[in-house]
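Secondary and tertiary structure notes
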Amino acid sequence: MDKAKIDRILGQVGKPVRYMGNEYNMVVKDPSEVLINFAFAFPDVYEVGMSHLGMKILYHLINEREDTYCQRVFAPWVDMEQKMRENRIPLFALETGEPVAGFDFIGFTLQYEMSYTNVINMLDLAGIPLMRRERGKGHPFVIAGGPCAYNAEPLADFLDLVVMGEGEEVINQLLDEYAEWKKQGADRQDFLARAAGIKGVYIPGFYDVDYNHDGTICSVKPNRPGVPSVVQKRIVRDLEKAYYPEAMIVPYMNIVHDRITLEVFRGCTRGCRFCQAGMIYRPVRERSASRLMDLARELVKNTGYEEISLSSLSTSDYSQLEELVKQFMDEFQSRRVSFALPSLRIDSFTREFIEEMKKVRKAGLTFAPEAGTQRLRDVINKGVTEEDLINSVTQAFELGWDTVKLYFMIGLPTETEQDLEGIGDLAAKVRECYMNLNRGRKSRRLKITVSTSSFVPKPFTPFQWVAQDSVELLAQKQEFLREKLRIKGVTYDWHDPELSFLEAVFARGDRRLGKVLLEAWKRGCKFDGWAECFNYSAWLEAFRASGIEPEFYANRPRDKEEVLPWAHIDMGVTTAFLRREYEKALRGELTPDCRGVCHGCGINRLEGGLCP
Ligand code: SF4
C-alpha cells in the first residue's frame, strides 16, 4: 500500500489520529516475515474500539506468537470512508497501512447488534467478498467473537467462523491449526473442517436450518459428518494464570476509557434475569489482589498512565475488593495514580467504602435500581430494596456528593403503570433525602439524572422467550415518565425506542435476517448506534424489500417448545435453568446470589466444574 496516499487524505478528515497508528506500545513486526497476518477488527470508531478490554488482551496475546502479526482496524468514520472510496484506498490496518484483504484472518468482535452493518461495510471497503460462499483462495477467513457471537445467526451468511466463549482459550489452537494448513496448501474447506474440530469453534456454513410453515425454526443440523451438533463455549479455567498484557497501547487522542483497565474477575453470581452478561460469562473466576497489584505496577511503568480502572461485572462482589483498594491507595496515592470503579450495586455502599471512593472519584455516582417497585425488582431478581437505595444516596449526600444518576429499564416483563410511577416516586424520594440533609440550603447544586433504557430480550437469559413492548408502547411509557419526572433538580434521559426495537430483532434473529442487513447496508445504514447516523426509515424499507416483518422477531413471545435460532449453541447455563428462572420471575420469586447456595445453573458441566 502506498502510505503517502493515506497520508494525503488524512488532512482532509476529522480526527486523523484515528487512522495513523504508531502509538506508544504498538507492536511492530515485518508482515512479510510472519506466517500469519491477523487483522483484529472493531466495527466502530477508534476511540470506542481502543477502549475495549478484549481487544487489548487478544492483540497482545496473538502478538506473543512469533509466527503471527496481529494488527488493528476500526470502522472509518463517514468522512474518512468517503475519502477512502474517492481515492480508491481499501480498508487498511493501522500498524502497517497494509490492506486487510491480503491478511489471513479478519477477526471482528461483536459487542452490540447495531454494529452489524459496520461489519458489512468494512468487508466491502476492504474489497473482501461479503458473502462467505463467494470467498475463495487468497481471501481472508472472516471470524467473529464477543458476546453477540453467541447468536451470530443474522451474520451467518457473512462469517466463515465464529468463536464461542473466551477467545484466549481458542485463538492459539486455531492459529496452530491454520499454520499447519497453510504449510500444506490445502483448500479453504479443509481448513474450516479442521477448525470445526476445535472445541468452541462454530462454522455457520456447516449447519442447515429448516423452517416450519409458521416461520419458526424446525431444526438446525450439521450438514456434514464430524461436525458437532452442539457447539460448546470455551472458558478460561484459571484466570490467575491466564495471559494478561503488561503493556497496553497508549493512544494519542482521547478515547472513551483512557486509562489502564484491570480485569479483577469474570462472571457474576447475582442472576439478574434480564442480563445476558450475567449468564454468558459464568462461572465466576477471580484474580488475586497480589496478581492485580503486580499487573498494576507493570502497566503503570509501561504506559505512564495515571489512572487505573477496575473492570468486571458487579465489581463490589470481588472478594478482595477492600484489600485491593487499600493496597492501591497505599502504593499509588503518593504517586498520584488514581483508580476508578465502575458503577456499584446499591446494597454494597458501606460508609468506609464511599469515603475511600471520595478520595478518587469526584464525578457523580450511578445507582441502578433498574425498576420502580419492589414487585418488579423481584421479578427481575435484582435483589435490592428501596431502603438500600436511600441508604446509599444518603451516605453519598452526607459525604458531599450533589450529583447522582439513577438507572432504570422500562418495558420489563409484567410491568404496570404502578411500576412506572414507582420510578418517579423513587426520584422524588432521593430528592427529598437530599433536601432533608441540606435543609434546602444547597438545593441548586443537586442534580439527579433519571435514565431509562428499554428492555431488550436477549438470548441465553430467563427472558429469552418474552415479547418486547412495541415501539409505540415504549414511546408512550417514556412520555408518561417525562410528565412524572417534572421535578426540580431532576432530568430525564431515555433511549430511542426504535433502536431498542432493532436490537431486539437482531439479538434473537436467525439467518434469514442476513438479507435485511444487506438491504439496510445498501440503503446507507452504518454506525446505527450513533444518533446522527441512525436512519430508521431506511431500516423499515430494508425489511419491506426483504419480505421480513421485524415484529416477528421483537414483539412475539416464544413458545417454550420453539427451536430458538441458537439452539445448537451450549453456553453452559442450561435451558432448563433459564426456564425455571423465567417461571420464578412470573411468580415474583427471588433466586439468591449463588455464592451461598448453588442453584444448579448448569455451568459446572464445563471444564470439570469450576464453581466450588
Ligand atoms: S453452578 Fe451453581 S454456583 Fe456455579 S454459577 Fe451456577 S448456580 Fe452459581
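Everything numeric in this text was worked out from a predicted model, so none of it was measured.

**Section: the packing of aromatic side chains**
Tallying each qualifying case throughout the model produces 30 aromatic pairs. Look at Phe-506 and Phe-543: their rings are 6.3 Å apart centre to centre, the planes differ by 35°, and that puts the pair in the tilted class. Here Phe-506, found in helix H16 (residues 497-507), pairs with Phe-543, found in helix H18 (residues 536-546); they are 37 residues apart in sequence, far enough to count as distant. Here the aromatic cluster, defined as three or more aromatic residues joined through ring pairs, consists of Phe-38, Phe-105, Phe-141, Tyr-178, Trp-181 and Phe-191. The ring of Trp-494 has Arg-482 sitting right over it, with the charged end atom 4.5 Å from the ring centre. The residue whose ring lies beneath Arg-556 is Phe-552, and the NZ or CZ to ring-centre distance is 4.1 Å.

**Looking at the pattern of salt bridges**
Inspection of the entire model under this criterion finds 53 salt bridges. Linking Asp-176 and Arg-65 is a salt bridge whose minimum nitrogen-to-oxygen distance equals 2.9 Å. In this pair, Asp-176 is assigned in helix H6 (residues 167-184) and Arg-65 in the loop between helix H3 (53-63) and strand E2 (68-74), connecting sequence segments 111 residues apart. Look at Arg-65 and you get buried, because its relative accessible area is 11%.

**Considering helix H13 (residues 386-398)**
Here H13 is 13 residues long and its end C-alpha atoms lie 18 Å apart, about the 18 Å a rise of 1.5 Å per residue gives. Within H13, the full set of buried residues consists of Asp-388, Leu-389, Ser-392, Val-393, Thr-394, Gln-395, Ala-396 and Phe-397. Positive backbone phi, approximately 105°, marks Gly-400, located one or two places after H13.

**A look at the sheet that holds strand E10 (residues 260-263)**
A sheet is described by the order of its strands in space; here 3 strands give the open sequence E10-E13-E14, paired in parallel fashion. Taken across any chain shown, the strands that pair with only one partner, and hence form the sheet edges, are E10 and strand E14 (338-340). The sheet shows a mean angle of 30° between the axes of neighbouring strands, taken without regard to direction. Note: strand E13 (residues 307-311) against E14, 3 bridges, orientation parallel. Residue pairing in the sheet places Ser-309 in a bridge with Ala-340 of E14. Those strands touched by helix H9 (residues 289-303) are E10 and E13, and its axis lies near 165° from that of E10. Of the strands in this sheet, E10, E13 and E14 touch helix H10 (residues 321-332), which is tilted by about 175° from E13.

**Focus on the site of the ligand**
Neighbouring the ligand are the residues Arg-282, Cys-594, Cys-598, His-599, Gly-600, Cys-601, Ile-603 and Cys-611. Taking a 2 Å distance to the grid points as the criterion, the majority of the atoms of the ligand fall inside the second largest pocket. Of the residues in the shell around the ligand, the class split is 5 nonpolar, 2 polar and 1 charged.

**Describing the side chain of Asp-378**
Its location among the elements puts Asp-378 in helix H12 (residues 374-379). This buried residue, Asp-378, is left without a salt bridge; Arg-377 holds the nearest opposite charge, at 6.4 Å. Setting aside chain neighbours within four positions, we find Asp-378 in contact with Arg-273, Gly-588, Glu-589 and Leu-590.

**Section: the sheet that holds strand E16 (residues 403-410)**
What the 4 strands build is an open sheet, ordered E15-E16-E17-E18; its pairing is parallel. Looking at the sheet topology across the chains shown, the edges are occupied by strand E15 (365-370) and strand E18 (490-494). In this sheet, adjacent strand axes meet at a mean angle of 20° when their direction is disregarded. When E16 meets strand E17 (residues 447-454), the two strands line up parallel, connected through 8 bridges. Looking across to E17, one finds that Met-409 is bridged to Ser-453. Where helix H14 (residues 417-438) meets the sheet, its contacts fall on E15, E16, E17 and E18, and the angle it forms with E16 comes to roughly 170°.

**Thoughts on the layout of surface pockets**
Put simply, the second largest pocket is a space of about 560 Å³. Around the second largest pocket, the lining is made up of 36 residues, and of these Thr-269, Val-284, Cys-594, Cys-611 and Pro-612 lie nearest the centre. Among the elements of the structure, strand E12 (285-286) and helix H20 (575-587) are those that each provide at least two residues to the lining of the second largest pocket. Considering only residue class, the lining of the second largest pocket consists of 16 nonpolar, 10 polar and 10 charged.

Thresholds, definitions, all that
Residues numbered from 1 in each chain as written. Predicted model: local features only at pLDDT ≥ 70, side-chain atom pairs only at ≥ 80, totals over all residues. Heavy atoms only, no water. Phe/Tyr/Trp six-rings, centres within 6.5 Å; stacked < 30°, edge-to-face > 60°. Helix = DSSP H or I, 4+ residues; strand = E, 2+ residues; numbered from the N terminus. Lys NZ or Arg CZ within 6 Å of the ring centre and 35° of its normal. Salt bridge = Lys/Arg side-chain N within 4 Å of Asp/Glu carboxyl O. Buried < 20%, exposed > 50% of the residue type's maximum accessible area, 1.4 Å probe, protein only. Expected span 1.5 Å × (residues − 1). Pairing = 2+ DSSP bridges. Axes fitted to C-alpha atoms, helices over the stretch in contact; angles between N-to-C directions. Contact = heavy atoms within 4.5 Å. Near = heavy atom within 4 Å. 1 Å grid on protein atoms, 1.4 Å probe; cavity = no way out; pocket = protein on both sides within 12 Å on 5 of 7 lines; lining within 4 Å. Sits in = over half its atoms within 2 Å of the grid points. Nonpolar A, V, L, I, M, F, W, Y, C, P; charged D, E, K, R; others polar. Lys, Arg positive; Asp, Glu negative; His and termini not counted. Points joined across faces, edges and corners; volume = space filled by probe spheres on them.

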